[in-house]
Number of protein chains: 2
Amino acid sequence: MKPTGPGSGINRRILLSALPLLPMPALLPGTAAMAQDTGSQLASWNDGPAKQAIIDFVRATTDASSSKFVPPQERIATFDQDGTLWVEHPMYTQVIYCLDRVPAVVAQKPQFKNREPFKTVLSGDREAMAKLSLPELEEILIATLTGMPVEVFEAEAKKWIETAKHPRWGRLYTELTYQPMLEVLQYLRANGYKTYIVTGGGQDFVRVSSQQLYGIPPEQVVGTASGTKYGYGKDGKPFLTKEPKLLLNDNNAGKPEGIHLEIGRRPRAAFGNSTGDRQMLEYTGAGDGARLMMLLLHDDAQREYAYGPAQGLPDTKVGTFTQALYDEAKKDGWTVISMKNDWKRIFAFD
Amino acid sequence: MKPTGPGSGINRRILLSALPLLPMPALLPGTAAMAQDTGSQLASWNDGPAKQAIIDFVRATTDASSSKFVPPQERIATFDQDGTLWVEHPMYTQVIYCLDRVPAVVAQKPQFKNREPFKTVLSGDREAMAKLSLPELEEILIATLTGMPVEVFEAEAKKWIETAKHPRWGRLYTELTYQPMLEVLQYLRANGYKTYIVTGGGQDFVRVSSQQLYGIPPEQVVGTASGTKYGYGKDGKPFLTKEPKLLLNDNNAGKPEGIHLEIGRRPRAAFGNSTGDRQMLEYTGAGDGARLMMLLLHDDAQREYAYGPAQGLPDTKVGTFTQALYDEAKKDGWTVISMKNDWKRIFAFD
């Protein structure tokens, strides 16, 4: 993923991402009527301003007698994935996937075996891996995410996500989605909203499991995207190959740009958790009428993680929520969700 | 739209396109059951192999007991626009829009007034305009399609399409959609298919009127796309500006590439009318299970136009349907629709 596109200042954030598979954990069933009346679908939320903001927004925009009513076709809600819909610590899931793929790539290309950064990854030394430089990480991503037919990539990613586990919980990554956010997705959909993922992670990677994890079909996933190249196999059959050419860097300003490219409508609601989501929330908020902008603050080291560095939380470099972003949220009327205070439980298995 | 993207051999075709607004002409209402039973929604089609191919495909893929059954979420159908859903002669509608916009652009940038190609366009001399070179046309497209906020472009295009008329019929371009194809769109949707436009025309241009013309929302339009740039106005409000930078050349190989980028699923059915649609149909046909590939042959000079040059029709350079494409269709089991023989009527007003 060479930075050949517009606004392509590559950083660690854009190199990373996440996604999964597996049966979807316990989405509550519900009719639009139920949802609209009581917000009772938000069962994992504590009563408070965050839960209330969601309910107020949905009620106002779906009430035909309200001045804030939004026609169904304009009901678009966008969600960042890493750190907003599922765990992004200690590392974006997609990066773990790429590191895990290195042995298979080296098996196919033995010339990589004694070359850095592949050698370090093959050593299995996690500490050394954590010190890989940005260009080294980039080389690993290019080697593991591009060069193959799209169906081959899809099959490999699918297989991985069905078995890979998170070191802290010893559970599948696919189990580490946030139950309260699954409820928000479901609540919005029950009220006519079309839900999208807008992720800095790889679009193809996230699409592999978006339906199973979130009930979001691949065509409603916008992410960092490399180009593909159409060609023909020896049998004359056409196929697309993933190219190491960045088309869309779906982070920061790239999020509203990606939304315009692949959706073509300004969202009515947007959810994020880091500075990479700032422009998406600004762009959402700049539209007319009722809008909902929410930022998840990871302030719960006990049940998940606490990092920021907004509100004096540690700066862990993954999913950075700065104090400046916090201040912008307060100034612009965005709602900050405190994981610690607003969520009754974090995961379906809690 | 400078050719900076992959596969960016610019030709007249990619520079052009079409779209409209206005209330949608007479879409037949219908339930899935009706549609599935009889294909009675295809009222403007003569009985014959083309109509039958559509009905057979829909029946097989929606019958849960059929080996060709397709789960609803995989029911994706893609349609070229110019020459497939509406008239593309004598010139792609989007090019007419761009030519019509020149006076307004020159009013804002008086330095263009005595410069070619703007001078020729301002002269109103249609014959001279028809002789503009490719780089000159490109300059006009860049001047009229980029450099403004996306909402400004949208408003301008919307205003134009509400009043612009076709020289032959003296009717709004928006009335020149093909009634039989509107019926196919409706029939597929009634059977659970998600319908997409995949056009060589400008994505933003086509999105302005896709809902009104075809019942296809903007987010289901994939087209030739330039990048946008996120920035802030003097009031601090963020907005996106259309940039003269080609991101996706959605023609030829660019069609399957665009489908992968913005949909992420291989279509089950694809409809086109020219060599620009070849790869989309090939890619669709290369998938497993039931697939429907159809090409519209314009062989009706009396009711619409006859051009090709397949089957000895004249080569008019717009929407080229070569004999080689015709032969590929026959060889690969694609269905060629004869406008003359397969369609009872062409337009809703016939």
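One can find the structure itself at the top, above this paragraph.
Chemist: So what exactly am I meant to see when it comes to the overall build of chain A here?
Modeler: In terms of regular secondary structure, chain A is built from 14 helices and seven strands. Looking at chain A residue by residue over its 350 residues, the buried ones come to 59%. Partitioning the intrachain contacts of chain A with sequence separation of at least 6 by distance along the chain shows that 68% fall at a separation of at least 24.

Chemist: Help me understand the packing of aromatic side chains in this model?
Modeler: Aromatic ring pairs: the centre-centre distance and the angle between the two ring planes describe each pair. Throughout the structure, instances matching the rule amount to 32 aromatic pairs over all chains. Plain terms: the ring middles of A:Tyr97 and A:Trp160 are 5.4 Å apart, the flat faces sit at 75 degrees to each other, and that makes the pair edge-to-face. In this pair, A:Tyr97 is assigned in helix H3 (residues 93–108) and A:Trp160 in helix H7 (residues 150–161), connecting sequence segments 63 residues apart. Residue classification places A:Trp160 among the buried residues on the basis of a relative accessible area of 11%. Residues A:Phe112 and A:Phe118 carry aromatic rings whose centres are separated by 4.4 Å and whose planes lie at 10 degrees to one another, so their mutual orientation is stacked. Residue classification places A:Phe112 among the buried residues on the basis of a relative accessible area of 14%. Among the residues examined, A:Phe118 registers a relative accessible area of 1% and is labelled buried. Aromatic rings pair up to connect A:Trp45, A:Trp169, A:Tyr178, A:Tyr305, A:Trp343, A:Phe347 and A:Phe349 into one cluster. Over the face of the ring belonging to A:Tyr305 we find A:Arg168, whose NZ or CZ atom lies 4.9 Å from the ring centre. The ring of B:Phe349 has B:Arg171 sitting right over it, with the charged end atom 3.8 Å from the ring centre.

Chemist: What exactly am I supposed to notice about the sheet that holds strand E1 (residues 76–79) of chain B here?
Modeler: Working definition: the strands of a sheet are paired by backbone hydrogen bonds and lie parallel or antiparallel to each other. Residue and element names in this part refer to chain B. Spatially, seven strands are ordered E4-E3-E2-E1-E5-E6-E7 in an open sheet, and the strand pairing comes out mixed. Each of the sheet's edge strands pairs with one partner strand only, and the pair in question is strand E4 (238–248) and strand E7 (335–338). Averaged over all adjacent pairs, the angle separating strand axes in this sheet is 30 degrees, with direction ignored. Sheet analysis places E1 next to strand E5 (residues 269–272), joined by three bridges and oriented parallel. In the sheet register, Ala77 faces E5, and the bridge partner there is Ala269. Contacting E1, strand E2 (194–202), strand E3 (221–232) and E4, helix H12 (residues 254–262) runs over the sheet at an angle of about 130 degrees to E2.

Chemist: Just to check I follow, could you spell out the interface of chain A and chain B for this structure?
Modeler: Counting residues at the interface gives 39 residues for chain A, matched by 39 residues for chain B. Both faces combined, the contact of chain A with chain B buries some 3400 Å², and carbon together with sulfur accounts for 54% of it. On the chain A side of the interface with chain B, the three residues burying the most area are A:Glu219, A:Tyr230 and A:Leu261, jointly 19% of the side's total. The interface formed by chain A and chain B contains six salt bridges. Where B:Arg265 meets A:Glu219, a salt bridge forms, and the shortest distance between an N and an O atom there is 2.8 Å. Applying the counting rule to chain A against chain B returns 23 residue pairs in polar contact (both at pLDDT 80 or more). For the side of chain A that touches chain B, the secondary structure elements donating two or more residues are H7, strand E2 (194–202), helix H9 (203–207), strand E3 (221–232), strand E4 (238–248), helix H11 (254–262) and helix H12 (278–285) of chain A.

Chemist: What is the right way to read the packing of helix H3 (residues 49–62) of chain B against helix H9 (residues 179–190) of chain B from this model?
Modeler: The relative placement of two packed helices comes down to the angle between their axes together with the axis-to-axis distance. Residue and element names in this part refer to chain B. One can describe the packing of H3 onto H9 by two numbers: an axis separation of 11 Å at closest approach and a directional angle of 10 degrees. Here H9 runs roughly parallel to H3, going by the angle between their axes. Viewed along their axes, H3 and H9 form a crossing whose handedness is right-handed. In this structure, H3 contributes Ile54, Ile55 and Val58 to the contact, and H9 contributes Val184, Tyr187 and Leu188. Tallied by class, residues from the contact of H3 with H9 come to six nonpolar, no polar and no charged.

Chemist: Even after reading the chapter, I still don't get the pattern of salt bridges, so can you show me in this structure?
Modeler: For side chains of opposite charge, pairing can occur when their charged atoms come near one another. Tallied over the entire structure, the rule returns 36 salt bridges over all chains. Between A:Lys331 and A:Asp332 there is a salt bridge whose closest N-O contact spans 3.1 Å. Residues B:Arg268 and B:Glu74 are paired through a salt bridge, measuring 3.7 Å at the closest nitrogen-oxygen approach. Of the two residues, B:Arg268 sits in the loop between H12 and E5 while B:Glu74 sits in the loop between H3 and E1, which places them 194 residues apart along the sequence. Look at B:Arg268 and you get buried, because its relative accessible area is 10%. The partly exposed category is assigned to B:Glu74, whose relative accessible area is 32%. When salt bridges that share partners are traced, they join A:Asp80, A:Lys255 and A:Asp277 into one network.

Chemist: How do you make sense of the sheet that holds strand E5 (residues 269–272) of chain A when you look at a structure like this?
Modeler: Residues and elements named next belong to chain A. Within the open sheet, the seven strands sit side by side as E4-E3-E2-E1-E5-E6-E7. Their pairing is mixed. The sheet is open, and its two borders are formed by E4 and strand E7 (335–338), each paired with just one other strand. Across the sheet, the axes of successive neighbouring strands diverge by a mean angle of 30 degrees, strand direction being ignored. Both strand E1 (residues 76–79) and E2 contribute to a ladder of four bridges, which runs parallel. Bridge assignment links Thr78 to a residue of E2, and that residue is Tyr196.

Chemist: How do you make sense of the relation of the copies chain A and chain B when you look at a structure like this?
Modeler: Two copies of one chain are present, and they are related through a rotation about an axis combined with an axial shift. With an RMSD of 0.0 Å, chain A superimposes on chain B once it is rotated by 180 degrees and translated 0.0 Å along the axis. Read as a symmetry element, the transformation amounts to a two-fold axis. It is A:Glu262 whose C-alpha, among those of chain A, lies nearest the rotation axis, at 2.8 Å. Take the interface residues of chain A: 100% of them recur as interface residues in chain B, which is what a same-surface contact looks like.

Chemist: Explanation requested: the pairing of strand E6 (residues 292–297) of chain A in the structure shown.
Modeler: If a strand is regular, its side chains alternate between the two faces of the sheet. Residues and elements named next belong to chain A. Within E6, six of the six residues are buried, which leaves the element mostly enclosed by the surrounding structure. Where burial is concerned, the two faces of E6 agree: the one with Leu292, Met294 and Leu296 and the one with Met293, Leu295 and Leu297 are both buried. Here E5 pairs with E6 via four bridges, running parallel. Residue pairing in the sheet places Gly272 in a bridge with Leu295 of E6.

Chemist: Just to check I follow, could you spell out unusual backbone geometry for this structure?
Modeler: Comment: phi is negative for the bulk of residues other than glycine, and the bulk of peptide bonds are trans. Note that the residue after A:Gly308, namely A:Pro309, is joined by a cis bond; omega there is 5 degrees. Counting through the fold element by element, A:Pro309 comes out in the loop between E6 and helix H13 (323–332). Here the residue pair B:Glu116 and B:Pro117 is connected by a cis peptide bond, since its omega of 5 degrees sits within 30 degrees of zero. Looking at the secondary structure, you find B:Pro117 in the loop between helix H4 (93–108) and helix H5 (118–123). The phi dihedral of B:Asn252 falls on the positive side, at around 55 degrees, and the residue is not glycine. Take B:Asn252: it is sitting in the loop between E4 and H12. Even without being glycine, B:Gln311 reaches a positive phi, approximately 60 degrees. Topologically, B:Gln311 is positioned in the loop between strand E6 (292–297) and helix H14 (323–332).

Chemist: Explain helix H7 (residues 134–145) of chain B here, please?
Modeler: Residue pairs spaced three or four apart in an α-helix point in one direction, given the helix's 3.6 residues per turn. Residue and element names in this part refer to chain B. Along its 12 residues, H7 runs 16 Å from first to last C-alpha, staying within 8% of the 16 Å computed at 1.5 Å per residue. When we look at burial in H7, the residues that qualify are Leu137, Glu138, Ile140, Leu141, Ile142, Ala143, Thr144 and Leu145. Directly after H7, the chain includes Gly147, whose backbone phi takes a positive value near 100 degrees.

Thresholds applied
- Numbering of residues begins from 1 in every chain and follows the order in which that chain's sequence is written.
- Each chain gets a letter, beginning with A, and each ligand a number, beginning with 1, in the order they are written.
- The predicted nature of this model means local features are confined to residues of pLDDT at least 70 and side-chain atom pairs, given and counted, to a pLDDT of 80 or more, with totals for whole chains, interfaces and linings taken over all residues.
- Hydrogens and water molecules were not included; the side-chain quantities draw on all heavy atoms of the structure.
- In this text, helices come from DSSP runs of H or I with a minimum length of four residues, and strands from runs of E with a minimum of two, each type numbered from the N-terminal end.
- Only protein chains enter the accessibility calculation, which uses a 1.4 Å probe; a residue whose area is less than 20% of its type maximum is buried, one above 50% is exposed, and one in between is partly exposed.
- Two residues form a contact once any of their heavy atoms are found within 4.5 Å.
- Side-chain rings of Phe, Tyr and Trp (the six-membered ring for Trp) are treated as a pair once their centres are within 6.5 Å; stacked means planes under 30 degrees apart, edge-to-face means over 60, and tilted covers the remaining angles.
- Here, a charge over a ring means that NZ of Lys or CZ of Arg falls within 6 Å of the ring centre while also lying within 35 degrees of the ring normal.
- In this scheme, strands are said to pair when DSSP sees at least two bridges between them.
- An axis is simply a line fitted to the C-alpha atoms; with a helix, the fit covers only the stretch in contact. Between two such axes, the angle follows the N-to-C directions and lies from 0 to 180 degrees.
- Here's the idea: put two parts together, see how much 1.4 Å probe accessible area each one loses, and the total over both is what we call buried area.
- For this document, the term salt bridge refers to a Lys or Arg side-chain nitrogen within 4 Å of an Asp or Glu carboxyl oxygen.
- Two N or O atoms count as a polar contact when they lie within 3.5 Å, although within protein this holds only if one can serve as hydrogen donor and the other as acceptor, and sequence-adjacent residues are included solely when both atoms are side-chain atoms.
- Here roughly perpendicular refers to angles of 65 to 115 degrees, roughly parallel to angles under 35, roughly antiparallel to angles over 145, and oblique to all remaining angles.
- Helix crossings get a hand from a simple test, with the near helix turned counterclockwise from the far one by less than a right angle marking a left-handed crossing and a clockwise turn marking a right-handed one.
- Residues are grouped as follows: Ala, Val, Leu, Ile, Met, Phe, Trp, Tyr, Cys and Pro are nonpolar; Asp, Glu, Lys and Arg are charged; all remaining types, including Gly, are polar.
- Superposition of the copies was done by least squares, using only C-alpha atoms of residues whose pLDDT is at least 70 in both.
- One fewer than the residue count of a helix, multiplied by 1.5 Å, yields its expected span.

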